[in-house]
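For reference, the chains in residue letters:
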Amino acid sequence: MRAYLASSIGVACTAALALPLALHPGTAHARAERTVAAGSTRSLPLRPLDSLDSRVGGGTDRGVAAGRGDAAVERGVTASGVRPFSLVGVVWDRPAAELRGRAQVRTRAVGGAWSPWRELLPYGDEAPDPDSPELRGARAHGGTAPLWVGASDAVEARVRPEGVGSAGADAGAGADARASDAGAEGAGAADLPSGLRLELIDPGEPPAPPDPGRAALRALPGHPAPTAGGGAPASGGGVPGAKPTVVGSPGRPSWGPSGPSVKPSSPPTPSAPSAKPTTPRPSASVPVTTTPPPSALDTDTDTDTDADAEAEAATAGAARYSAPRPGIVTRAGWGADEKIRETGHVYSKTVKVAFIHHTVTGNNYSCSQAPSVLRSIYRYHVKSLGWRDYGYNFTIDKCGKIYEGRSGGVTKAVRGAHTLGFNTNSMGIAVLGTFTSKKPSAKAVKAVAKLTAWKLGLFKRNPRGTTHLVSGGGNKYKKGTSVKLHVIAGHRDGFATECPGKRLYKKLGSVRKTAARLQGR
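What you see is a predicted model, and the numbers here were worked out from it, not measured in a lab.

A.B. asks: I would appreciate a short explanation of the environment of Gly-408 in the present structure.
C.D. replies: Here Gly-408 shows up in the loop between β15 (402–404) and β16 (426–431). Along the chain, Gly-408 and Val-346 lie 62 residues apart, while their C-alpha atoms are 8.0 Å from each other. Setting aside residues no more than four positions away along its own chain, Gly-408 makes contact with His-345, Tyr-347 and Val-414.

A.B. asks: I keep staring at the packing of aromatic side chains and nothing clicks. Help me out?
C.D. replies: For any pair of aromatic rings, the description rests on two quantities: the centre-to-centre distance and the angle between the ring planes. Going through the model one piece at a time under the given rule, you end up with six aromatic pairs. A centroid spacing of 6.4 Å and a plane angle of 10° characterise the contact between Tyr-123 and Trp-387, whose relative ring orientation is stacked. Within this pair, whereas Tyr-123 is found in the loop between β6 (118–119) and α4 (133–136), its partner Trp-387 is found in the loop between α10 (370–384) and β14 (394–396), the two being separated by 264 residues in sequence. A single burial state applies to Tyr-123 and to Trp-387, both of which are buried. Centroid distance Trp-334 to Tyr-378: 5.7 Å. Interplanar angle 90°. Geometry classified as edge-to-face. Placement of the pair is Trp-334 in helix α9 (residues 331–334) and Tyr-378 in helix α10, with a sequence separation of 44 residues. The burial state of Trp-334 is the same as that of Tyr-378; both residues are buried. Grouping aromatic residues by their ring pairs yields a cluster made of Trp-334, Tyr-378, Tyr-390 and Tyr-392. Sitting above the plane of the Trp-117 ring, Arg-158 keeps its charged end 3.8 Å from the centroid. Its guanidinium or amino end placed over the ring of Tyr-365, Lys-398 lies 4.3 Å from that ring's centre, counting from NZ or CZ.

A.B. asks: Just checking my understanding: could you explain the sheet that holds strand β12 (residues 328–329) for this structure?
C.D. replies: Strand order in the open sheet formed by six strands is β12-β15-β14-β16-β13-β19, with mixed pairing between adjacent strands. The strands lining the two open edges of the sheet, one partner per strand, are β12 and β19 (488–490). Note that β14 and β16 share three bridges and pair parallel. Bridge pairing in β16 places Phe-394 opposite Ile-429. Together, β12, β13 (353–358), β14, β15, β16 and β19 form the strand contacts of helix α11 (residues 442–458), whose direction differs from that of β14 by roughly 155°.

A.B. asks: Looking at this model, I keep getting lost on α10. Mind explaining?
C.D. replies: Side chains of residues three or four places apart in an α-helix project in the same direction, reflecting 3.6 residues per turn. Counted at 1.5 Å a residue, the expected span for α10 with its 15 residues is 21 Å, and the 20 Å between its end C-alpha atoms agrees. Of all the 15 residues making up α10, 14 are buried; the element is thus mostly covered by neighbouring parts of the structure. Backbone geometry just downstream of α10 places Gly-386 in the positive-phi region, at approximately 80°.

A.B. asks: Is there a simple way to think about the pairing of strand β5 (residues 101–109) in this case?
C.D. replies: Consecutive side chains along a regular strand alternate between the two faces of the sheet. Here β5 pairs with strand β8 (residues 147–161) via nine bridges, running antiparallel. The residue of β8 that forms the bridge with Ala-109 is Ser-152. As judged from the two bridges shared by β5 and β6, these two strands associate in the antiparallel manner. In the sheet register, Gln-104 faces β6, and the bridge partner there is Glu-119.

Rules and cut-offs
- Residues numbered from 1 in each chain as written.
- Predicted model: local features only at pLDDT ≥ 70, side-chain atom pairs only at ≥ 80, totals over all residues.
- Heavy atoms only, no water.
- Helix = DSSP H or I, 4+ residues; strand = E, 2+ residues; numbered from the N terminus.
- Contact = heavy atoms within 4.5 Å.
- Phe/Tyr/Trp six-rings, centres within 6.5 Å; stacked < 30°, edge-to-face > 60°.
- Buried < 20%, exposed > 50% of the residue type's maximum accessible area, 1.4 Å probe, protein only.
- Lys NZ or Arg CZ within 6 Å of the ring centre and 35° of its normal.
- Pairing = 2+ DSSP bridges.
- Axes fitted to C-alpha atoms, helices over the stretch in contact; angles between N-to-C directions.
- Expected span 1.5 Å × (residues − 1).

This is the structure:
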């Protein structure tokens with residue numbers, strides 16, 4: 001009996017000791033979860049399609065890869081059974097090289113069927129300025145626009161040079177003009193840039209909602225914060241069911257039923273009812289940074305004296321035209337991995353123009369997927385194209401939610417990489433989707449108006465006005481050209497491109513009118 005009791009007690013003790021280990025995963029498990037959440041990028045070289053090396057994983061489709069007269073110059077890859085990815089793009093070595101050809105992909109949904117072939121659109125116009133260290137650095141590459149495909153586990157890609165048809169054509173057409181790009185790739189591929197490869201982007205998992213108790217504690221202000229009415233704001237954490245408002249913890253997102261969002265804090269109360277701040281001021285919801293002020297980091301060598309800004313500042317009552325700050329999801333809110341971008345920030349002197357873009361990533365996404373799309377584009381910009389950070393200053397999804405883009409402070413004149421030749425003294429706002437033939441949602445258009453009214457108001461800009469920017473070089477205006485632009489302009493106004501798409505571009509007139517009204521003009 002004593003032996004039986006001893007044995008039972010031993011078993012019970014062993015089970016009790018093992019139980020906490022099963023309920024509370026150790027450090028190694030937590031580290032593995034963080035690694036998965038960070039996302040990943042896989043590069044697959046594009047090879048001549050008659051080469052067996054174009055096969056990855058489960059093999060290649062012989063009907064696609066061989067048996068055509070242009071197989072010696074057309075390049076591609078087939079990969080199956082790969083780690084799931086959600087965004088694709090084609091990149092090459094030199095950012096100055098032009099892809100004079102047609103890039104197409106088709107993907108297989110996880111547990112589903114193959115998609116039709118889809119185009120990867122040009123992207124050289126949405127980039128850092130030609131003389132920017134960001135574009136001239138060793139990490140910089142050329143590339144197509146990225147395409148959101150949703151969770152997929154197989155892909156086929158092909159790049160066909162101009163002048164090459166499916167039945168065969170002159171494979172050497174245009175080779176003499178771009179032979180240097182091909183390098184040692186072979187005479188048959190001279191039309192294509194060197195180093196062609198397909199990028200498969202996994203956005204990783206969205207940031208996990210914080211523990212409700214901890215979220216409530218974070219929502220409590222460290223000390224009473226004044227509001228526009230002079231009182232102290234509600235903490236948001238003491239009322240059951242209320243959404244916590246971040247006051248004492250800058251950069252911390254609040255969580256609602258649809259995911260991360262950030263409630264903007266009340267703007268500073270001016271000394272007079274009609275007075276507004278004449279210079280941009282960071283708000284409490286902008287993540288705290290140790291980066292020196294813009295004047296300390298500004299690398300702007302533009303000799304423009306910003307005469308337009310001085311003239312507007314001299315106008316009586318110009319400071320009274322402002323608009324309320326809209327809700328903005330911070331980078332922490334959409335899950336940006338701050339470890340992959342370059343440290344520090346680059347600023348312009350002011351913001352004179354808001355350039356409107358479409359991301360050309362496709363419209364096949366849900367609003368709940370928007371943070372994943374942003375994380376994918378961010379990784380593509382930094383890891384695949386070699387930029388210092390996310391290119392756009394802000395992004396807006398089809399449901400009208402506004403997201404912080406390039407880091408550095410949403411109230412500041414952060415220099416982005418969005419309008420080749422005109423990134424200085426401007427900001428880039430991208431609407432998530434492709435609007436060449438599809439109409440943008442009314443919510444997205446309204447959000448563009450709200451965002452431009454607020455941000456341009458910080459720099460005393462009239463949304464219905466015009467101004468001048470000096471071109472840094474592009475295919476529409478030579479370097480050094482002073483160009484007259486709308487304060488709210490389409491990308492195509494500064495560069496010969498389809499961006500922001502015909503259907504979105506037609507909405508800019510109403511955006512200017514609404515933004516001006518929101519400023520009280």
